[in-house]
Amino acid sequence: MAEKKATTKKAATETKATAAKKTETVKKTATKAAKATLAVNAENAGFKAGDVYQALAAAEKALSVKEIAKAAKISEEETLLGLGWLFKEGKLTSTEDKVTLA
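Residues numbered from 1 in each chain as written. Predicted model: local features only at pLDDT ≥ 70, side-chain atom pairs only at ≥ 80, totals over all residues. Heavy atoms only, no water.

**Digging into the packing of helix H3 (residues 65-72) against helix H4 (residues 76-88)**
Then, number 1: At a minimum axis distance of 9 Å, the contact between H3 and H4 shows a crossing angle of 105 degrees. Here H3 is positioned roughly perpendicular relative to H4, judged by the angle of their axes. When H3 is examined against H4, the residues Val-65, Lys-66, Ile-68 and Ala-69 are found in contact with a partner set consisting of Glu-76, Thr-79, Leu-80 and Leu-83.
Then, number 2: Classifying every residue of the contact of H3 with H4 gives five nonpolar, one polar and two charged. (Axes fitted to C-alpha atoms, helices over the stretch in contact; angles between N-to-C directions. Helix = DSSP H or I, 4+ residues; strand = E, 2+ residues; numbered from the N terminus. Parallel < 35°, antiparallel > 145°, perpendicular 65-115°, else oblique. Contact = heavy atoms within 4.5 Å. Nonpolar A, V, L, I, M, F, W, Y, C, P; charged D, E, K, R; others polar.)

Below, the structure written as structure tokens:
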């Protein structure tokens, strides 16, 4: 009987540990999803455009979207939002897959 109780306790402990890991994974996934949201409004687009402009001005050369995002320390989606704003204003020119200030 003692062995049976030990096995049951061990199984219960393992089940709790597995459940805790699943909960932790769900929380991490939810946190990542929360970070991925992007508020698209005029104010936010303007700020991202400023970030993109500053990154391009500092680089003084044509950059890809990934390079701009890394230099500006923003996501690629935010970079695209800022690029759209700046293209609309005529501040940028593009060559193949790179963008530079006009």
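**A closer look at the confidence of the model for the protein chain**
Then, number 1: Confidence along the protein chain averages 81 in pLDDT terms, with 65% of residues attaining 70 or more.
Then, number 2: By mean pLDDT, the top-scoring element of the protein chain is H3 (95), and the lowest-scoring one is helix H1 (residues 2-35) (59). (pLDDT = per-residue confidence, 0-100.)

**Examining the pairing of strand S2 (residues 98-101)**
Then, number 1: Where strand S1 (residues 92-95) meets S2, four bridges bridge the pair, whose relative direction is antiparallel. In the sheet register, Thr-93 faces S2, and the bridge partner there is Thr-100. (Pairing = 2+ DSSP bridges.)

**Topic: the environment of Lys-73**
Then, number 1: By the secondary structure assignment, Lys-73 is in the loop between H3 and H4.
Then, number 2: Since its relative accessible area comes to 74%, Lys-73 is described here as exposed.
Then, number 3: Sequence spacing of Lys-73 and Ala-55 is 18 residues, and the spatial spacing of their C-alpha atoms is 9.2 Å. (Buried < 20%, exposed > 50% of the residue type's maximum accessible area, 1.4 Å probe, protein only.)

**Brief notes about the packing of helix H2 (residues 42-59) against H3**
Then, number 1: Where H2 contacts H3, the axes come no closer than 9 Å and their chain directions differ by 100 degrees. Considering the angle they form, H2 stands roughly perpendicular to H3. Taken together, the residues of H3 that come into contact with H2 (itself represented by Asp-51, Val-52, Ala-55 and Leu-56) are Ile-68, Ala-71 and Ala-72.
Then, number 2: Tallied by class, the residues present in the contact of H2 with H3 amount to six nonpolar, no polar and one charged.

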